[in-house]
Amino acid sequence: MKSCSVSNLGWWEDNVWKWGLIDNIPVHDQLVGVELEELCRILEDVVPTYAGMDKIVWIGGEMNAFTVREYYKKLLLEGRAKGLQPVVRDAIKVLWKGWMPSKVKIFGWRLLMDRLATREQLMKRNIITNTDLSLCVFGCDSAENSLHLFLNCAFLAGVWKKIMEWLGIDAPLRTDCCDHFLQVMNALRNYCSPRRVAGIWMATCWCIWKQRNDIIFNNVVGDVDEIVHNVKMFTWWWLALGSKQRVLCNFYEWFHNPLVCV
Ligand SMILES: [Zn+2]
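Okay, so let's go over this structure. No experiment lies behind these values; they were computed from the predicted model shown.

**Some words on the overall build of the protein**
Argument step 1. In terms of helices and strands, the protein carries 12 helices and 2 strands.
Argument step 2. Its helices and strands in sequence order give the protein the pattern β-β-α-α-α-α-α-α-α-α-α-α-α-α, from N to C terminus.
Argument step 3. A total of 262 residues make up the protein; the buried ones form 27% of that total.
Argument step 4. Here the analysis covers contacts within the protein between residues at least 6 apart in sequence; of these, 51% occur between residues at least 24 apart.

**A look at the pairing of strand β1 (residues 10–13)**
Argument step 1. As paired strands, β1 and strand β2 (residues 16–19) are joined by 4 bridges and run antiparallel to one another. If you follow Gly-10 over to β2, its bridge partner there is Trp-19.
Argument step 2. Connecting the antiparallel pair β1 and β2 is a turn made up of 2 residues, with Asp-14 showing a positive phi of about 50 degrees.

**Topic: unusual backbone geometry**
Argument step 1. The phi dihedral of Asp-114 is positive, around 55 degrees, even though this residue is not glycine.
Argument step 2. Unusually for a residue other than glycine, Asn-219 sits at a positive phi of about 55 degrees.
Argument step 3. On the secondary structure map, Asn-219 appears in the loop between α10 (194–218) and α11 (224–242).
Argument step 4. You can call Asn-219 exposed: it has 7 C-beta atoms within 10 Å.

**Looking at the nonpolar core**
Argument step 1. Counting 48 residues, the largest nonpolar core has Ala-91 and Leu-112 as its most contacted members.
Argument step 2. The element best represented in this core is α10, accounting for 10 residues.
Argument step 3. Each residue touching Ala-91, except ones within four places of it in the same chain, is listed here: Leu-112, Cys-178, Phe-181 and Leu-182.

**Digging into the packing of helix α9 (residues 177–187) against α10**
Argument step 1. Packing of α9 against α10 leaves a shortest axis separation of 9 Å and a crossing angle of 135 degrees. Put simply, α9 runs oblique to α10. Crossing angle aside, the handedness with which α9 passes α10 is right-handed. Contacts from Phe-181, Val-184 and Met-185 of α9 reach α10 at Pro-194, Val-197, Ala-198 and Trp-201.
Argument step 2. Looking at the contact of α9 with α10 residue by residue, the classes come out as 7 nonpolar, no polar and no charged.

**Overview of α9**
Argument step 1. Of all the residues in α9, the buried ones are Cys-177, Cys-178, His-180, Phe-181, Leu-182, Val-184 and Met-185.
Argument step 2. Of the surrounding elements, those touching the buried residues of α9 are α4 (86–97), α5 (102–112), α7 (146–152) and α10.

**Notes on the environment of Ser-142**
Argument step 1. The topology assignment puts Ser-142 in the loop between α6 (119–124) and α7.
Argument step 2. Separated by 10 residues in sequence, Ser-142 and Asp-132 have C-alpha atoms that sit 9.9 Å apart.
Argument step 3. What Ser-142 contacts, discounting residues up to four positions off in sequence, is Leu-135, Cys-136 and His-148.

**Observations regarding the packing of α5 against α10**
Packed helix pairs are specified by the crossing angle of their axes together with the interaxial distance, meaning the distance between the axes.
Argument step 1. Between α5 and α10, the least distance of the axes is 10 Å, while the angle of their chain directions is 85 degrees. In terms of orientation, α5 and α10 fall into the roughly perpendicular class. Each of Val-104, Phe-107, Gly-108 and Leu-111 in α5 lies in contact with α10, whose residues at this interface are Met-202, Cys-205, Trp-206 and Trp-209.
Argument step 2. When the residues that make up the contact of α5 with α10 are grouped by side-chain class, the tally is 7 nonpolar, 1 polar and no charged.

**Looking at α5**
Argument step 1. Listed as buried for α5 are Val-104, Lys-105, Gly-108, Trp-109, Leu-111 and Leu-112. End-on view of α5: buried residues confined to an arc of 160 degrees, all on one side of the axis. Facing away from the buried side of α5 by over 90 degrees, the exposed positions are Ser-102 and Lys-103.
Argument step 2. In the stretch just after α5, Asp-114 is the one whose phi turns positive, near 55 degrees.

**Digging into the environment of Ser-134**
Argument step 1. The topology assignment puts Ser-134 in the loop between α6 and α7.
Argument step 2. The exposure class assigned to Ser-134 is partly exposed, which follows from the 19 C-beta atoms found within 10 Å.
Argument step 3. When the C-alpha positions of Ser-134 and Thr-118 are compared, they lie 8.3 Å apart, and in sequence the two are 16 residues distant.
Argument step 4. Excluding anything up to four places from it in sequence, Ser-134 contacts Arg-119, Glu-120, Met-123, Ile-128, Ala-143 and Glu-144.

Calculation notes
Residues numbered from 1 in each chain as written. Predicted model: local features only at pLDDT ≥ 70, side-chain atom pairs only at ≥ 80, totals over all residues. Helix = DSSP H or I, 4+ residues; strand = E, 2+ residues; numbered from the N terminus. Buried ≥ 20, exposed ≤ 12 C-beta atoms within 10 Å, placed from the backbone. Contact = placed C-beta atoms within 7 Å. Pairing = 2+ DSSP bridges. Core = buried A, V, L, I, M, F, W, Y, C linked by C-beta atoms within 7 Å. Axes fitted to C-alpha atoms, helices over the stretch in contact; angles between N-to-C directions. Parallel < 35°, antiparallel > 145°, perpendicular 65-115°, else oblique. Left-handed = near helix turned anticlockwise from the far one by under 90°. Nonpolar A, V, L, I, M, F, W, Y, C, P; charged D, E, K, R; others polar. Arc of directions from axis to C-beta.

Everything listed here is a matter of geometry and, on its own, says nothing about what the molecule does.
Encoded structure:
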């Protein structure tokens with residue numbers, strides 16, 4: 001969006017500013033689904049002035065410059081204002097303390113809040129209109145929503161099975177993403193810090209989402225073993241790069257038994 005100026009995104013009509021976001025955002029910056037809806041909501045009360053040059057200003061917090069910390073605070077406040085269910089609030093609380101990069105936390109926040117631009121969401125907002133394009137890209141006949149993609153997809157069930165075997169726990173019931181996230185944390189509470197378990201759970205969803213995007217945009221073929229391998233690899237990097245202390249095991253040990261390393 002940095003390539004746009006405000007004057008390109010609307011027009012004045014009888015001294016009233018009209019936003020024309022969909023037609024005027026350049027194709028390579030196009031927003032879809034919930035992102036576009038959220039932008040429209042944010043801009044509802046924003047009225048530009050005739051005079052003055054465009055400039056980029058962060059209005060999400062007390063600081064004038066964007067920081068991830070300020071963005072976390074903004075998202076937390078937004079969550080409180082919406083009166084989140086306790087299970088969602090608890091899951092998000094663990095997520096922010098989690099052991100993963102900021103971009104994965106933002107992805108996780110959108111997942112736990114059910115705000116990812118899944119195909120079902122895009123269909124609801126008429127971004128896609130062909131029913132076939134709303135189906136799961138892993139070859140199911142089910143609609144692609146967060147619950148299906150991250151927990152109930154028959155093709156991806158093998159991912160969770162292998163990750164749970166890796167962690168040495170029984171698979172929790174897959175009723176809801178927030179509940180599943182907290183159940184896995186609970187199952188490992190005596191062996192591993194919730195920060196690290198949160199990282200592993202979120203890495204699993206992150207790798208599923210990345211492969212889903214690769215199937216859509218790069219024509220790759222769905223591969224359960226590749227997702228599981230990527231989960232182990234990403235979490236090892238996060239462990240090695242994020243640890244202030246010496247890492248207690250090598251990748252081979254992590255790959256075969258993560259609980260001795262955390
Ligand atoms: Zn599926």
